[in-house]
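Structure assessment
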Amino acid sequence: MERLDPHPVTGTPLPSPAPPGAGWPGDPADDTTPVATTAAQVRRLASTASSVDELQARISVCRACARLVRWREDVARSGRRASFADQPYWGRPGPSFGDPDAPALLVGLAPAANGTNRTGRMFTGDSSGDFLWAALHRTGFAAQPTSVAAGDGQALTGLRIVAAVRCAPPENKPTPTERATCSAWLQRDLELAAPRLRSILCLGAIGWDATLAAARALGWDVPRPKPRFGHGVEVALGRPDGRTVRLVGCYHVSPHNTFTGRLTPAMLDEVLLGLRA
Ligand code: SF4
């Protein structure tokens, strides 16, 4: 018999991974949401998604990368961290989180196996997320200083979080093919955000490169040679309608950077506040 565990906020008994529409708080999909199983289907379902909500639903059930599907579901079923062993794991791609009409996007790398892959929300449930959410709250984007689980009341205003890759990869390293396959989702996220979009904050070089590639694929004017990632680096991306979008680099909020002081709370606050400029 399938094992069920109570969701930490609602108490609803849920299997791991959580089937679409099973009752996970904030699940954007249901059992009618179309599922991509190939790169071509990702491109087709991304390009035909008519809204941010529809796009996130389709992302959240994607099965196009066999290695990542296997990994995320293995972790959810039998590879849970001991401290979370009695919780259900989302075990699906991380949909974007935040304000669908935001003028700013934050682009991360990929979900963590016991973070987003457990909670179903970007940057939620690990130390990277703790560092980020505290800053998002200090700078007025987040309703609460912590984000611990879907359904906890957290909300973003003026910002939406997306990622270069939506499934947790082994050792946090997606392959070039997986990054290329997932890029269609990011491209459509940028396209749907474009009418209101003024700035994009990229956490780390992979998010930076993925965003530049997506912008170029959309026909935006990206400087050549490709601008190099760096903390605080800013680039203006020209859109076909003549408007520009500011691309801003920021060191990733990984423990490797935050525990060593390479990225401090003040540095992160500064780039976040700059998104409103
Ligand atoms: S990494 Fe992206 S394209 Fe690959 S299965 Fe996950 S959501 Fe789909």
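The structure under discussion appears in the preceding block.
Residues numbered from 1 in each chain as written. Predicted model: local features only at pLDDT ≥ 70, side-chain atom pairs only at ≥ 80, totals over all residues.

On to the overall build of the protein chain. Looking only at helices and strands, the protein chain has nine helices and eight strands in total. C-alpha atoms of the protein chain, sized along the principal axes, occupy 55 × 40 × 30 Å. Residues classed as buried in the protein chain amount to 51% of the 277 residues present. Within the protein chain, contacts between residues separated by at least 24 positions form 65% of all contacts whose residues are at least 6 apart in sequence. (Helix = DSSP H or I, 4+ residues; strand = E, 2+ residues; numbered from the N terminus. Buried ≥ 20, exposed ≤ 12 C-beta atoms within 10 Å, placed from the backbone. Contact = placed C-beta atoms within 7 Å.)

Quick look at the site of the ligand now. Lining the immediate environment of the ligand, one finds 16 residues, of which C62, C65, P93, C167 and C182 sit closest. Broken down by secondary-structure element, the contributors of at least two residues to the shell around the ligand are α3 (66–78) and α6 (176–193). For the shell around the ligand, the leading source of residues is α6, giving four residues. Class assignment for the residues of the shell around the ligand results in twelve nonpolar, one polar and three charged. (Near = placed C-beta within 6 Å. Nonpolar A, V, L, I, M, F, W, Y, C, P; charged D, E, K, R; others polar.)

On to α6. Between its first and last C-alpha atoms α6 spans 25 Å; for 18 residues at 1.5 Å apiece the expected length is 26 Å, and the two agree. Of all bends in α6, the biggest is about 35°, found at S183. Burial runs high along α6: 14 of the 18 residues are buried. (Expected span 1.5 Å × (residues − 1). Bend = angle between axes of the 7 residues up to and from the residue.)

The next subject is the nonpolar core. In terms of nonpolar packing, the biggest core is built from 85 residues, with L105, V107, A164 and L201 touching the most fellow members. In terms of residue count, α6 provides more of this core than any other element does, seven residues in total. (Core = buried A, V, L, I, M, F, W, Y, C linked by C-beta atoms within 7 Å.)

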